[in-house]
Amino acid sequence: MSLFTREMACQELVELVTAYFDGSLSRADRRRFRAHISGCDHCTAYIEQMRLVIEGAGRLTEDDIEPNAREELLDAFRGWSEGREAD
Amino acid sequence: MLHVAQMFVRDRATAEEVVQETWLAVLNGIDRFEGRSSLKTWLFRILTNRAKTRGQRDGRIVPFSSLAGAGGEDDEPSVDPDRFLGPDSRAPGAWAAPPRAWPEDKILERETLGVINMAIEELPEAQREVIRLRDVEGWTPIEVTDALEITDGNQRVLLHRARSKVRAALEMYLNPDVAGGTT
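Residues numbered from 1 in each chain as written. Chains lettered and ligands numbered in written order. Predicted model: local features only at pLDDT ≥ 70, side-chain atom pairs only at ≥ 80, totals over all residues. Heavy atoms only, no water.

Enquirer: Looking at this model, I keep getting lost on the overall build of chain B. Mind explaining?
Expert: When helices and strands are counted, chain B shows ten helices and zero strands. The secondary structure elements of chain B, listed N-terminal to C-terminal, are α-α-α-α-α-α-α-α-α-α. Taken across its 183 residues, chain B has 46% of its residues classed as buried. Within chain B, residue pairs in contact and separated by at least 24 positions form 63% of the contacts whose partners lie at least 6 positions apart. By element, 52% of the accessible surface of chain B is carried by carbon and sulfur atoms, the whole surface being about 9,400 Å². (Helix = DSSP H or I, 4+ residues; strand = E, 2+ residues; numbered from the N terminus. Buried < 20%, exposed > 50% of the residue type's maximum accessible area, 1.4 Å probe, protein only. Contact = heavy atoms within 4.5 Å. Areas by Shrake-Rupley, 256 points an atom, 1.4 Å probe, with all protein chains shown as cover.)

Next comes the structure, spelled out in structure tokens:
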């Protein structure tokens, strides 16, 4: 590792978590990111929190965000099957 | 689906119509579905195409891409700067008020999920739509940039802002003593 590689500060790391998850960091930055978390429990906890945010968001069901979705689907399906019978 | 449609059209009623039309198109065209993409991708491609056409016809003035850049959000820090040591300290930028570990099962409790849902609702529109597509619906970055016609970097910035704010809201709920700061 280059002597000139600047160490990553915690405050910089928190801005790069999504890029890290998406695999879009440069190789140098990914190396600095990993080097940092290998020695920083706080940032490890922070990254875990971000992972839990994603996991939690993924558990929101259609019912949480679209209470009418099922009705809409049923309506559309009724319209469709009536249309077919008419053909 | 309704949320996605609403990004392109003027009002909820129009979005509802577009969703209905999409389901009909899907049901009528299911024989032609070749399985080269996932059914979900195919369905949302039909939805966004229809919604875009409809939005253009009705003259919805603001395309999502301009919304995404608006709001002067460029310098929003992910975490309150007061949580880090200042430039004159021994370790500038290191945690002063570090985050705590969260138990996974606590996150999946109904009430906690409610906090997440509410935090998402309160986000600025562009951030809200991107986090819904990426994290709630599980879309890939490419699916999002295609549907919303924004750059990869743009969707990532919006997603990161969104996730960071949801995290902060969760921390306020789970560890108010850490997150509370001055308020």
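Enquirer: Would you take a moment to explain helix α2 (residues 12-29) of chain B for this structure?
Expert: Because each turn of an α-helix spans 3.6 residues, side chains separated by three or four positions end up pointing in the same direction. Across its 18 residues, α2(B) extends 25 Å between first and last C-alpha, which sits within 8% of the 26 Å expected from 1.5 Å per residue. Of the residues making up α2(B), those classed as buried are Thr14(B), Ala15(B), Val18(B), Val19(B), Thr22(B), Trp23(B), Val26(B), Leu27(B) and Gly29(B). (Expected span 1.5 Å × (residues − 1).)

Enquirer: Teacher, can you tell me more about the nonpolar core here?
Expert: Within soluble globular proteins, side chains that are nonpolar generally end up buried alongside one another. In this structure, Leu47(B), Ile116(B), Ile120(B), Leu148(B) and Val166(B) are the most contacted members of the largest nonpolar core, which totals 45 residues. Secondary-structure elements contributing two or more residues to this core are α4 (41-59) of chain A together with α1 (2-6), α2, α3 (39-57), α6 (110-121), α7 (125-136), α8 (141-148) and α9 (152-174) of chain B. Examining the composition of this core, we find that six residues originate from one element, α3(B), more than from any other. Counting 18 residues, the second-largest nonpolar core is a separate cluster that includes Cys40(A), Tyr46(A), Ile47(A) and Trp95(B). (Core = buried A, V, L, I, M, F, W, Y, C linked by side-chain atoms within 4.5 Å.)

Enquirer: What exactly am I supposed to notice about unusual backbone geometry here?
Expert: Across the chain, the bulk of peptide bonds are trans and the bulk of non-glycine residues have phi less than zero. All names here are of chain B. With a phi angle near 55°, Glu 149 is a residue other than glycine that sits in the positive phi range. Position of Glu 149 among the secondary structure elements: in the loop between α8 and α9. With a relative accessible area of 54%, Glu 149 lands in the exposed category.

Enquirer: Sorry if this is basic, but what is going on with the side chain of His36(A) here?
Expert: Residues and elements named next belong to chain A. Tracing the backbone shows His 36 in helix α3 (residues 27-38). Owing to a relative accessible area of 13%, His 36 belongs among the buried residues under this scheme. Not counting residues up to four positions away in its chain, the partners in contact with His 36 are Met 8, Ala 9, Cys 10, Leu 13 and Cys 43.

Enquirer: I would appreciate a short explanation of the interface of chain A and chain B in the present structure.
Expert: A common way to report how large an interface is uses the accessible area buried once the components associate. Taken residue by residue, the interface counts 40 residues in chain A and 50 residues in chain B. Between chain A and chain B the total buried area reaches about 3,900 Å² when both faces are included, carbon and sulfur atoms providing 60% of it. Across the chain A-chain B interface, the total number found is three salt bridges. Between Asp22(A) and Arg156(B) there is a salt bridge, with its nearest N and O atoms 3.5 Å apart. Across the chain A-chain B interface, the total number found is 13 residue pairs in polar contact (both at pLDDT 80 or more). Within the residue set of the side of chain A that touches chain B, elements represented by two or more residues are α1 (10-13), α2 (17-22), α4, α5 (62-65) and α6 (69-86) of chain A. With 15 residues, the single largest contributor to the side of chain A that touches chain B is α4(A). Residue composition of the side of chain A that touches chain B, by class: 21 nonpolar, eight polar and eleven charged. (Buried area = accessible area lost by both parts, 1.4 Å probe. Salt bridge = Lys/Arg side-chain N within 4 Å of Asp/Glu carboxyl O. Polar contact = N/O pair within 3.5 Å; in protein donor to acceptor, adjacent residues only side chain to side chain. Nonpolar A, V, L, I, M, F, W, Y, C, P; charged D, E, K, R; others polar.)

Enquirer: In this structure, what is going on with the state of the cysteines? I would like to understand it.
Expert: Disulfides are covalent bonds that link the sulfur atoms of two cysteine residues. Residues and elements named next belong to chain A. Here the structure, examined in full by the defined rule, presents zero disulfides over all chains. No disulfide involves Cys 10; its sulfur sits 3.7 Å from that of Cys 43, the nearest cysteine. The buried category is assigned to Cys 10, whose relative accessible area is 6%. Considering cysteine sulfurs only, Cys 40 is the nearest to Cys 43, which forms no disulfide, with 3.7 Å between them. (Disulfide = S-S within 2.5 Å.)

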